[in-house]
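A look at the structure
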Amino acid sequence: MRMPDARWLKQRLHDAFNRHDLDEVIQCHSQDAVLVTPAGVAEGHEQIACYYEDLFRGFPDMRMTVWHTVLGTDPAVTEWLLTGTHTGPFLLPGGQVLERTGRHVAIRGTSTCSVGNDKIISRRMYFDQLELYTQLGGRLVFDEQLSPCERRAED
């Protein structure tokens, strides 16, 4: 039997992700795996499952298309495109829930994956959150701030 390497496990994970098979997604990870995303860090099966459950609930048709895989065994590196339609509630940073917008998203990103004891122990995903939130109809808003001159005048 073939020993799983990072590329093989990432392919298994991508296939399970595209089927929205949460059990299989979790089985790809070790009990103490760490998932790092722009939205935060998930540690262990329970937190990692929550991350994927939220994504699948908000985007029931979400799919990952891998564009490129860097040759090498560990860590495995892939570039991908996530596509989906926002038809369910989606948890935003800060705990707010964005109700369905019906908007389609296409987000480019990359991820790395390291393996230990035939399971994913670390996965780091990088994508532009502003690209995602803009496609969902959000906009970048800055809190009103005083200029350096205005701050000095107040002192």
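Cut-off values and rules
- Residues numbered from 1 in each chain as written.
- Predicted model: local features only at pLDDT ≥ 70, side-chain atom pairs only at ≥ 80, totals over all residues.
- Heavy atoms only, no water.
- Helix = DSSP H or I, 4+ residues; strand = E, 2+ residues; numbered from the N terminus.
- Expected span 1.5 Å × (residues − 1).
- Buried < 20%, exposed > 50% of the residue type's maximum accessible area, 1.4 Å probe, protein only.
- Phe/Tyr/Trp six-rings, centres within 6.5 Å; stacked < 30°, edge-to-face > 60°.
- Core = buried A, V, L, I, M, F, W, Y, C linked by side-chain atoms within 4.5 Å.
- Contact = heavy atoms within 4.5 Å.
- Salt bridge = Lys/Arg side-chain N within 4 Å of Asp/Glu carboxyl O.

- For the chain, an unreviewed UniProt entry supplies the name Ester cyclase and the organism Microbispora maris.

**So, helix α3 (residues 44-58)**
- Counted at 1.5 Å a residue, the expected span for α3 with its 15 residues is 21 Å, and the 22 Å between its end C-alpha atoms agrees.
- Here α3 has its buried residues at G44, H45, I48, A49, Y51, Y52, D54, L55, F56 and G58.

**Describing the packing of aromatic side chains**
- Applying the stated criterion across every chain yields a total of six aromatic pairs.
- Taking the centre distance of 5.3 Å and the plane angle of 85 degrees together, the rings of Y51 and Y52 count as edge-to-face.
- Accessibility expressed as a relative area gives 1% for Y52, which makes it buried.
- Clustering of aromatic rings is evident, with ring pairs tying together F17, Y51, Y52 and F56.

**A short note on the nonpolar core**
- The biggest cluster of nonpolar side chains holds 35 residues, and the ones touching the most others in it are F17 and Y52.
- Of all elements in the fold, only α1 (6-19), α2 (22-27), β1 (29-37), α3, β4 (76-85), β7 (104-116) and β8 (119-127) reach the threshold of two or more residues within this core.
- Per-element accounting of this core gives the leading share, six residues, to α3.
- Apart from the residues lying within four places of it in its own chain, the contact partners of Y52 are L13, F17, L22, V25, L35, R123 and M125.

**A look at the environment of Y52**
- Position of Y52 among the secondary structure elements: in helix α3.
- Taking the C-alpha atoms as reference, Y52 lies 8.5 Å from F17; in sequence the two are 35 residues apart.

**Let's talk about the pattern of salt bridges**
- Going through the model one piece at a time under the given rule, you end up with four salt bridges.
- Between D54 and R57 there is a salt bridge whose closest N-O contact spans 3.8 Å. Of this pair, D54 and R57 both sit in helix α3, three residues apart, which is roughly one turn of that helix.
- Two residues, R108 and E131, come together in a salt bridge whose shortest N-O distance is 2.9 Å. Here R108, found in strand β7, pairs with E131, found in helix α4 (residues 129-135); they are 23 residues apart in sequence, far enough to count as distant.

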